Amino acid sequence: MKSFGSKPWVLPQPVLIIGTYNEQGTANAMNAAWGGQLDMKEIIISMGSHATTDNLKVNNEFTVAFATKDTMVASDYVGIVSGRKDADKMAKTGWTIEKAPNVNAPVFTDFPMTLECRVKEKMYESEDGYYLVGEIVNILCDEKYLNAEGNPDVEKMELITYEPVNHKYIQLGAIVGNAFSDGKALK
C-alpha cells in the first residue's frame, strides 16, 4: 500500500450548504464539506472565517441543505465566492429563497432536503473559525422526494459528495443493501 501521510480524506464527505441571514436580513450561503451527524439531534460542521460566521454572531439560527447533481454548479460557486466580497452572490445562484418555518434562516427550495438548526455550541473558537454544533430543530423535504411510505427517498435526490483527493464531486449511487438487516446473514 502507498502511504500519503495525514490528509483530510475521510470519505464520503457531504456537500453541505449553510444558509444564514445577515444583520439586514439578506440571505447568504456557503459550501462546507467537513461536517456530519454528531448525535441524534445534532450536527457538527468545521467552519472557517466567513460571512456565514459573521452572520451567526448576530443570529444563532441556520439551515443546512444537501447539494445535488442539479445544484452542483451553484453549490460550488457559494464555496468559492465570499459573501463579504460579492453582494450579488445569491442572485447569481438562481436559487429560490424562502424563510424557514421554524428558524430565522433561509431555505433554498432548489434543494430536496433541508435541516433547520440552532447554534448549540461553538467549539475551539478563534479568529480562523470554529466547530459549529447545531441542534436540528426540524427537517424539511420537498414532497416530490418522498417514497410511498411518506419518508425522504435519498436515492431520488441525486446527492453529491466531495471527493477531496482529486477535488471532484461524485453523485451518490444506487442502494446496495439494507442496514441493520443484511449482516444478520452472518449470525
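Residues numbered from 1 in each chain as written. Predicted model: local features only at pLDDT ≥ 70, side-chain atom pairs only at ≥ 80, totals over all residues. Heavy atoms only, no water.

Novice: What should I look at first to understand the pairing of strand β10 (residues 129-141) in this one?
Specialist: In summary, the side chains of a regular strand alternate between the two faces of the sheet. Looking at chain direction, strand β5 (residues 42-47) and β10 are connected through six bridges and run antiparallel. Residue pairing across strands places Ile44 opposite Val133, the latter belonging to β10. Across 11 bridges, the pairing between strand β9 (residues 113-126) and β10 is antiparallel. Bridge pairing links Lys122 to Leu132 in β10. (Pairing = 2+ DSSP bridges. Helix = DSSP H or I, 4+ residues; strand = E, 2+ residues; numbered from the N terminus.)

Novice: Help me understand the sheet that holds strand β1 (residues 13-14), please; the structure alone is not making it clear to me.
Specialist: Adjacent strands of a sheet form backbone hydrogen bonds with each other and so pair up, either parallel or antiparallel. The strand order across the open sheet built from three strands is β1-β11-β12, with neighbouring strands paired in antiparallel fashion. At either end of the open sheet lies a strand with only one pairing partner, and these are β1 and β12 (168-171). Note: strand β11 (residues 160-163) against β12, four bridges, orientation antiparallel. Pairing of Tyr162 across the sheet is with Tyr169, part of β12.

Novice: When you look at the packing of aromatic side chains in this model, what are you seeing that I'm missing?
Specialist: Between two aromatic rings, the relevant description is the distance of the centres plus the angle of the planes. If you walk through the whole model with that rule in mind, you get five aromatic pairs. Relative to Phe108, the ring of Trp95 lies with its centre 5.2 Å away and its plane at 50 degrees, an arrangement referred to as tilted. Taken as a pair, Trp95 in the loop between α3 (89-93) and β7 (97-99) and Phe108 in strand β8 (residues 106-108) lie far apart in primary sequence, 13 residues in all. Per residue, the accessibility class of Trp95 equals that of Phe108, and both read buried. Among the aromatic residues, ring-to-ring pairing joins Trp95, Phe108 and Phe111 into one connected group. (Phe/Tyr/Trp six-rings, centres within 6.5 Å; stacked < 30°, edge-to-face > 60°. Buried < 20%, exposed > 50% of the residue type's maximum accessible area, 1.4 Å probe, protein only.)

Novice: Explanation requested: the pattern of salt bridges in the structure shown.
Specialist: Working definition: two side chains of opposite charge can pair if their charged atoms are close together. With the rule as written, the count across this model stands at four salt bridges. The salt bridge involving Glu42 is made with Lys120; its shortest N-O contact spans 2.2 Å. On the criterion of sequence distance, the pair formed by Glu42 in strand β5 and Lys120 in strand β9 is long-range, its members being 78 residues apart. What makes Glu42 buried here is its relative accessible area of 12%. (Salt bridge = Lys/Arg side-chain N within 4 Å of Asp/Glu carboxyl O.)

Novice: What is the right way to look at the side chain of Thr52 in this model?
Specialist: Along the polypeptide, Thr52 turns up in helix α1 (residues 51-58). Residue class for Thr52 comes out buried when judged on its relative accessible area of 0%. A distance of 3.2 Å separates the side chain of Thr52 from the side chain of Asn28, its partner in a polar contact. Among all residues touching Thr52, those that are not within four sequence positions of it are Ile18, Thr20, Asn28, Ala29, Met30 and Met47. (Polar contact = N/O pair within 3.5 Å; in protein donor to acceptor, adjacent residues only side chain to side chain. Contact = heavy atoms within 4.5 Å.)

Novice: Just to check I follow, could you spell out helix α2 (residues 72-80) for this structure?
Specialist: In an α-helix, one turn spans 3.6 residues; hence positions three or four apart end up facing the same way. Looking only at α2, the buried set comprises Ala74, Ser75, Tyr77 and Val78. Along the long axis of α2, the arc covered by the buried residues comes to 155 degrees, so they all point the same way. Turned more than 90 degrees from where α2 packs its buried face, Val73 and Ile80 sit exposed. Against the buried residues of α2 lie β2 (16-21), β3 (27-32) and α3. (Arc of directions from axis to C-beta.)

Novice: Just checking my understanding: could you explain the pairing of strand β6 (residues 61-66) for this structure?
Specialist: In terms of burial, β6 is largely enclosed, as six of its six residues are buried. Neither face of β6 is open: one carries Glu61, Thr63 and Ala65, the other Phe62, Val64 and Phe66, and all of them are buried. Bridging between β2 and β6 involves four bridges; their strand directions are antiparallel. Across the sheet, the residue bridging to Leu16 is Phe66, located in β6.

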